[in-house]
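Structural characterization, general
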Amino acid sequence: MTERVVPPADRRRRRPTKQGVVLSEALIVETALRLIEEHGADALSVRRLGRALGADPSSLYRYFRHTDDLMLAIADELIGRTLRTWRPTGDWRADLRDLGLRMHAGALAHPRAAVLSSYRVTGRVHEIQAVETILGVLRRAGFPDAEAVRIYHAFVDQALAHGALDSASVAMPKAAREAEAAVWRATYARLPADTHPHIAATARHLVAEMPHSSYPAALDLLLAAAAARLARVRSGSGHPTATMDTPSARPDEPDEPDEPDQPAEPDEEAELHEEAVDR
């Protein structure tokens, strides 16, 4: 594709394509998403996409400057699909947990596209909405601005990274996935205690846990750390600009004893959920 994209108001095709459909940006993105899942990244070509749409490939230039522009639109659509299904309740921790799990599930629903788009910054409408929304959840919960940005960054990167990791596994042939899962039982569970005492002691847990996604547990750990940090900020014992893993006092100020942490509310206690999302 080239730099011949036209303004949105002038994009609409007046006549249907050979397959009787009218081109639109949404239709092109949907078709490209389907082709990626069926054929992989190589499917994202003007010729193949035009053929799938029953349209002259050159007509796609009216909507996207090049294939990377289309890839950014696909990434933004995946974000939009997650946001459209999410309903915040006002409980920041529960809301972010629900959103994170929906982000992860959305990646698994489109594994090849998720792997291709997980590291992209789109600057488009849905991504902007997501950044604004998540920061709003954190700031309304009471996180200082610097803390809100740090937690937002960790939350989003964690969800995208796990989504890409688990999506890459899902995209593997079924036989390959099953063979890898079997390694934990066939190899690790049989290692002798005299040479590998820690693996031998935890073998049954490894066999049960490792074939599944660690994202729910990792998400809970992140949110528990954030909740603990928020409790310190609320109690006045944490400096607003300190990170979650550094002392709260400034280097040039004398250390002062921390006030006792206020007990967390029941829904803010750190718990590792045993639920797991199968890869």
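Owing to the predicted nature of the structure, the values given are computational and were not obtained by experimental measurement.

Another point: the packing of aromatic side chains. Summed over the entire model, instances satisfying the criterion amount to two aromatic pairs. Ring centres of Trp92 and Phe143 lie 5.2 Å apart, and the angle between their planes is 90°; this geometry places the pair in the edge-to-face category. Of this pair, Trp92 sits in helix H4 (residues 92-109) while Phe143 sits in the loop between helix H6 (125-141) and helix H7 (145-170), placing them 51 residues apart in sequence. Look at Phe143 and you get buried, because its relative accessible area is 3%.

Take the nonpolar core next. Core analysis: the largest hydrophobic core is formed by 25 residues, its most contacted members being Trp92, Leu96, Leu99, Ile134, Leu138, Phe143 and Phe155. Elements that contribute at least two residues to this core include exactly H4, H6, H7 and helix H11 (215-235). Sorting elements by how many residues they give to this core places H11 first, with seven residues. With residues near it in sequence (within four places) discarded, Phe143 still touches Trp92, Leu138, Ala148, Ile151, Ala226 and Leu230. The next biggest cluster of nonpolar side chains, apart from the first, holds 23 residues, and it includes Ile28, Leu35, Leu49 and Tyr61.

With that settled, the discussion passes to the packing of H7 against H11. Contact geometry for H7 and H11: axes closest at 10 Å, N-to-C directions at 175°. Here H11 runs roughly antiparallel to H7, going by the angle between their axes. The segment H7 lies against H11, with Glu147, Ile151, Ala154, Phe155, Gln158, Ala159 and His162 engaging Tyr215, Ala218, Leu219, Leu222, Ala226 and Arg229. Tallied by class, the residues present in the contact of H7 with H11 amount to nine nonpolar, two polar and two charged.

Of the residues in the protein chain, 78% reach a pLDDT of 70 or more, and the chain-wide mean stands at 84. Low pLDDT (under 50) marks residues 240-279, which in the prediction has 69 contacts with non-local residues, meaning those over four places away or in another chain.

Before going further, it helps to examine the pattern of salt bridges. Overall, the coordinates contain 13 salt bridges when judged by the stated rule. In this structure, the salt-bridge partner of Arg150 is Glu147, at a minimum N-O distance of 3.5 Å. Residue Arg150 and its partner Glu147 are located together in helix H7, separated by three residues, close to a single helical turn. Overall, the relative accessible area of 0% leaves Glu147 in the buried class. Shared partners join several salt bridges into a network, and the residues in it are Glu25, Arg65, Asp69 and Arg124.

Attention now moves to the environment of Ala107. The topology assignment puts Ala107 in helix H4. For Ala107, a relative accessible area of 12% translates into the label buried. Aside from chain neighbours lying at most four places away, what touches Ala107 is Ala114, Gly163 and Ser167.

Each value, and the rule that gives it
Residues numbered from 1 in each chain as written. Predicted model: local features only at pLDDT ≥ 70, side-chain atom pairs only at ≥ 80, totals over all residues. Heavy atoms only, no water. Phe/Tyr/Trp six-rings, centres within 6.5 Å; stacked < 30°, edge-to-face > 60°. Helix = DSSP H or I, 4+ residues; strand = E, 2+ residues; numbered from the N terminus. Buried < 20%, exposed > 50% of the residue type's maximum accessible area, 1.4 Å probe, protein only. Core = buried A, V, L, I, M, F, W, Y, C linked by side-chain atoms within 4.5 Å. Contact = heavy atoms within 4.5 Å. Axes fitted to C-alpha atoms, helices over the stretch in contact; angles between N-to-C directions. Parallel < 35°, antiparallel > 145°, perpendicular 65-115°, else oblique. Nonpolar A, V, L, I, M, F, W, Y, C, P; charged D, E, K, R; others polar. pLDDT = per-residue confidence, 0-100. Salt bridge = Lys/Arg side-chain N within 4 Å of Asp/Glu carboxyl O.

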